[in-house]
Amino acid sequence: MRLRVISGELRGLRFDAPPGFATHPMGDRVRMALFNKLGPIAGWEVLDPFAGSGALSFEAISRGAASAIAIERDKTAQKYLERNITKLRLEDRVQLIKGNNRSWSNIYPDQMFDLILCDPPYDDMKRTTLIQLTRHLRPDGLMVLSQPASEEPVPIEGLRITDTSKYANARLVFYRPS
């Protein structure tokens, strides 16, 4: 599947997503709505813990984020993500972590981010992982969760919901530290 960066300095550049259902890339419309709602993110440090193809990391960098860490555990998705980073020439701004979120979080408990973009597999929302990832959110940071539109917003311990929006089959939930 071919995807594209929607806006910013990388606007229009194309990259690939792995075939199958191991990852589910966020659609252009939802990604555009997400980043339009975020507004300016220049200089922000971003964590993309369910990275898949890297679409959220790439869009964040394109819109001015300083850096992104993209974590992916699926080996096929890792290969695509690695190729996409190289193709888009983002080796100095997007770091791929091959592994799982909980292990990474335990190794780097003090690494902090302005923005955490969570787009986990819809059939396995990884609630305990989401809770663990909140330790990486700066006190003035923002976490966004993409979940099925048919489900109520997922409460996450230590965070308060500040906004929620539905787009087709996705619901975006915005959180700030309590």
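So, here's what we can say about the structure.

1. Some words on the pairing of strand β6 (residues 113–118)
Right, so step 1: For β6, the buried fraction is high: six of the six residues fall into the buried class.
Right, so step 2: In the sheet, strand β3 (residues 45–48) pairs with β6 via two bridges, with the strands oriented parallel. Of the residues in β6, the one forming a bridge with Val-46 is Leu-115.
Right, so step 3: Of the strand pairs in this sheet, β6 and strand β7 (residues 137–148) are connected by five bridges, and their pairing is parallel. Across the sheet, residue Phe-113 finds its bridge partner in β7, namely Leu-137.

2. Here we look at the side chain of Gln-147
Right, so step 1: Locating Gln-147 in the fold gives a position in strand β7.
Right, so step 2: Among the residues examined, Gln-147 registers a relative accessible area of 0% and is labelled buried.
Right, so step 3: A polar contact is formed between the side chain of Gln-147 and the backbone nitrogen of Val-154, at a distance of 3.1 Å.

3. Some details on the nonpolar core
Right, so step 1: Core analysis: the largest hydrophobic core is formed by 36 residues, its most contacted members being Leu-34, Leu-38, Phe-58, Leu-117 and Val-144.
Right, so step 2: Within the second largest apolar cluster, 19 residues are counted, among which are Ile-69, Cys-118, Leu-133 and Val-173.

4. Digging into the packing of helix α1 (residues 28–38) against helix α2 (residues 55–62)
Right, so step 1: Look at α1 against α2: their axes get within 11 Å of each other, and the N-to-C directions meet at 40°. Here α1 is positioned oblique relative to α2, judged by the angle of their axes. Viewed along their axes, α1 and α2 form a crossing whose handedness is right-handed. Seen from α1, the contacting residues are Arg-31, Leu-34 and Phe-35; seen from α2, they are Ala-55, Leu-56, Glu-59 and Ala-60.
Right, so step 2: Within the contact of α1 with α2, the residues separate by chemical class into five nonpolar, no polar and two charged.

5. Digging into the pattern of salt bridges
Right, so step 1: Tallying each qualifying case throughout the model produces ten salt bridges.
Right, so step 2: Residue Arg-93 pairs with Glu-9 through a salt bridge whose shortest N-O separation is 3.1 Å. Of this pair, Arg-93 sits in the loop between α3 (75–87) and β5 (94–98) while Glu-9 sits in the loop between β1 (2–4) and β2 (14–16), and the two are 84 residues apart along the sequence.
Right, so step 3: Several salt bridges share partner residues, and in doing so they unite Arg-4, Asp-28, Arg-31, Glu-59 and Arg-63 into one network.

Definitions and limits used
Residue positions are counted from 1 within each chain, in the order its sequence is given. Predicted model: local features are reported for residues with pLDDT of at least 70 only, side-chain atom pairs are reported and counted for 80 or more only, and whole-chain, interface and lining totals are derived from all residues. With hydrogens and water excluded, all non-hydrogen atoms of the structure serve as input to the side-chain values. Between buried and exposed lies partly exposed: a residue is buried under 20% and exposed over 50% of the maximum accessible area for its type, with that area taken using a 1.4 Å probe on protein chains only. A run of H or I in DSSP becomes a helix once it reaches four residues, and a run of E becomes a strand once it reaches two; helices and strands are each numbered from the N terminus. What makes two strands pair is DSSP finding at least two bridges between them. Two N or O atoms count as a polar contact when they lie within 3.5 Å, although within protein this holds only if one can serve as hydrogen donor and the other as acceptor, and sequence-adjacent residues are included solely when both atoms are side-chain atoms. Throughout, nonpolar core names a set of buried Ala, Val, Leu, Ile, Met, Phe, Trp, Tyr and Cys residues whose side chains join them through atoms within 4.5 Å. The axes are straight lines fitted to the C-alpha atoms, using for helices just the contacting stretch, and the angles between their N-to-C directions are given from 0 to 180°. Put simply, angles under 35 degrees are roughly parallel, angles over 145 are roughly antiparallel, angles from 65 to 115 are roughly perpendicular, and the rest are oblique. Handedness of a crossing is defined here by the sense of rotation of the near helix relative to the far one, left-handed for an anticlockwise turn of less than a right angle and right-handed for a clockwise turn. What makes two residues a contact is simply this: any of their non-hydrogen atoms within 4.5 Å. Amino acid classes used here: Ala, Val, Leu, Ile, Met, Phe, Trp, Tyr, Cys and Pro are nonpolar; Asp, Glu, Lys and Arg are charged; the rest, including Gly, are polar. One side-chain nitrogen of Lys or Arg within 4 Å of one carboxyl oxygen of Asp or Glu is enough to make a salt bridge.

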